[in-house]
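# A structural walkthrough
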Amino acid sequence: MRELKDLWQIFEERFPDTGLRKGAFAAPGRVNLIGEHTDYNEGFVLPMAIDKDIIMLAQLREDQEVRVYSLDYNREVIFSLLDLEFEKEDFWANYLKGVIDELQKMDYYLPGMNIIFTGNIPIGSGLSSSAALEVVTAYTIATLNELDIQPVEMALLCQRAENNFVGVNCGIMDQYVSRLGKKGQALLIDCRSNEYELVPFANEDYQVVICNSKVERGLVDSEYNQRRAECEKAVRYFAGKLDHRILALRDVTIEELEKEAAGLGELTKRRARHVITENNRVLMAVAALRNNDLETFGQLMTESHYSLRDDYEVSCPELDLLVELALKQKGVLGARMTGAGFGGCTVNLVHKDYINDFIFNVKKAYDQETGKDMESYLTWPAAGARKLA
Ligand code: ADP
Ligand code: MG
């Protein structure tokens, strides 16, 4: 990514100084360590922020105009705060407009702004560049206008921006971790209560390695809706069977599933089994981290992958291949697909001494077999949204 002083130079060449408050801010992408397809079942997720960000430079204006320049698309969009329209062209502008719209709905009166932004989070790879863009926008506007918005409130308004303005039905995980993430900590989120807890996750010997399959997530929307419908079907079934309150699959234990699932149908049973076992795995993974037991943590990651592959059926041949190749390498404690599935990335826990071999071997075999060009990113839990010096 370009240096901050170069970015300020680009800013100053594009926009005359208004003399009003200005600043530079960043918000990160994320990788989900474990807890996949549990969020809409009111369960648990354990993501961490990664050290890839969107950086935004902005200055307030006297009027109500917003001028925003995307360096990565080399496009400038101009709009009025009084007239926020969804655009198909320059789609990225919708994320900023959505955040502004939500702030205005909260009765904040905003002045116009000049903005430039750029990022190094791979787009559309399941590392949530969209949430980073929303969060950095909210953080920038809140800081420059001295709005008193608590971190959770900010994450939720960014989620609403993506739901309402952009029209993507996402959960709270991405915006939470982009806003609340801390260096050296993973973030356990309870998607029922929206409560969260930071869990220390750092180890001198191991590193998180993300492998990008470069498979575009194709089927995701229709398959996602089907999975949600199957989970709802299972909830209705268990609500009629069990004598305690079942509001989501979160409320069903694995023993209840095994005992009572006869009338559920084989497919729906497997879907439910993924969600229930995955929730358990997240809690066991957190316990393992607290004991600095990365071996158990890694095993749980790998089990999560098999469950997503076999029971939930949201993997794809390329993700399965990446995991299979990863598990053959030395120094690997665990590997799994991450994100909604059908493409995107895997996340791996690899001993530092073997990382070069790991990347070399996995990439070589993967590229050869698929004709794709795998990319990898090394990271540890990074900081959430912040002001840059
Ligand atoms: P992801 O999994 O990365 O969140 P999405 O499809 O949800 O994928 O969001 C990607 C969209 O976010 C892009 O199409 C673009 O509109 C916007 N975006 C992300 N990063 C940038 C960037 N660096 N510059 C401009 N827009 C970006
Ligand atoms: Mg996204």
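The rules behind the values
Residues numbered from 1 in each chain as written. Chains lettered and ligands numbered in written order. Predicted model: local features only at pLDDT ≥ 70, side-chain atom pairs only at ≥ 80, totals over all residues. Heavy atoms only, no water. Helix = DSSP H or I, 4+ residues; strand = E, 2+ residues; numbered from the N terminus. Contact = heavy atoms within 4.5 Å. Near = heavy atom within 4 Å. Polar contact = N/O pair within 3.5 Å; in protein donor to acceptor, adjacent residues only side chain to side chain. Areas by Shrake-Rupley, 256 points an atom, 1.4 Å probe, with all protein chains shown as cover. Nonpolar A, V, L, I, M, F, W, Y, C, P; charged D, E, K, R; others polar. Domains from an automatic or database assignment. Buried area = accessible area lost by both parts, 1.4 Å probe. Salt bridge = Lys/Arg side-chain N within 4 Å of Asp/Glu carboxyl O. Pairing = 2+ DSSP bridges. Axes fitted to C-alpha atoms, helices over the stretch in contact; angles between N-to-C directions.

## With respect to the environment of Ala-272
Among the secondary structure elements, Ala-272 is positioned in helix H8 (residues 266-290). Distance in space between the C-alpha atoms of Ala-272 and Tyr-312 is 8.3 Å, their sequence separation being 40 residues. Residue contacts for Ala-272: discarding those within four places in its chain leaves Ala-234, Leu-249 and Leu-257.

## Here's the deal with the site of ligand 1
Contacts to ligand 1 come from 18 residues, most closely from Asp-72, Gly-124, Ser-128, Ser-129 and Ser-130. Separating a nitrogen atom of ligand 1 from a side-chain N or O atom of Asp-72 is a distance of 2.8 Å. Between ligand 1 and Ser-130 there is a distance of 3.0 Å, counted from an oxygen atom to a side-chain nitrogen or oxygen. Coverage of ligand 1 by the protein chains reaches 85% of its 560 Å² of free accessible surface. Elements with a contribution of two residues or more to the shell around ligand 1: strand S5 (113-119) and helix H3 (129-144). Here the shell around ligand 1 takes three residues from H3, the largest share from any one element. Its residues placed into classes, the shell around ligand 1 shows eight nonpolar, eight polar and two charged.

## Focus on the domain arrangement of the chain
As assigned here, the chain comprises domain 1 (4-200) and domain 2 (207-379). Taking only C-alpha atoms into account, the centre of domain 1 sits 27 Å from that of domain 2. A buried area of about 3100 Å², summed over both sides, lies between domain 1 and domain 2, and 61% of it is on carbon and sulfur atoms. At the surface where domain 1 touches domain 2, the tally comes to four salt bridges. Between Asp-251 and Arg-192 there is a salt bridge, and its shortest N-O distance comes to 2.7 Å. Put simply, the parts of the chain that give the side of domain 1 that touches domain 2 at least two residues each are strand S1 (22-34), strand S2 (44-60), strand S6 (185-190) and strand S7 (196-200).

## Here we look at the sheet that holds strand S9 (residues 332-338)
Sheet architecture is open: four strands sit in the order S9-S10-S8-S11, paired in antiparallel fashion. Edge positions in the open sheet fall to S9 and strand S11 (375-379), since each of these has one partner strand only. Sheet twist, expressed as the average angle between the axes of neighbouring strands with direction ignored, equals 20°. Bridge count for strand S8 (residues 206-212) against strand S10 (residues 345-351) is seven bridges, and the pairing is antiparallel. Opposite Gln-207, over in S10, you have Val-350 as the bridge partner. Against the sheet, helix H10 (residues 317-328) touches S8, S9 and S10, its axis set at about 175° to S9. This element, helix H11 (residues 355-370), spans S8, S9, S10 and S11 of the sheet and lies at about 15° to S8.

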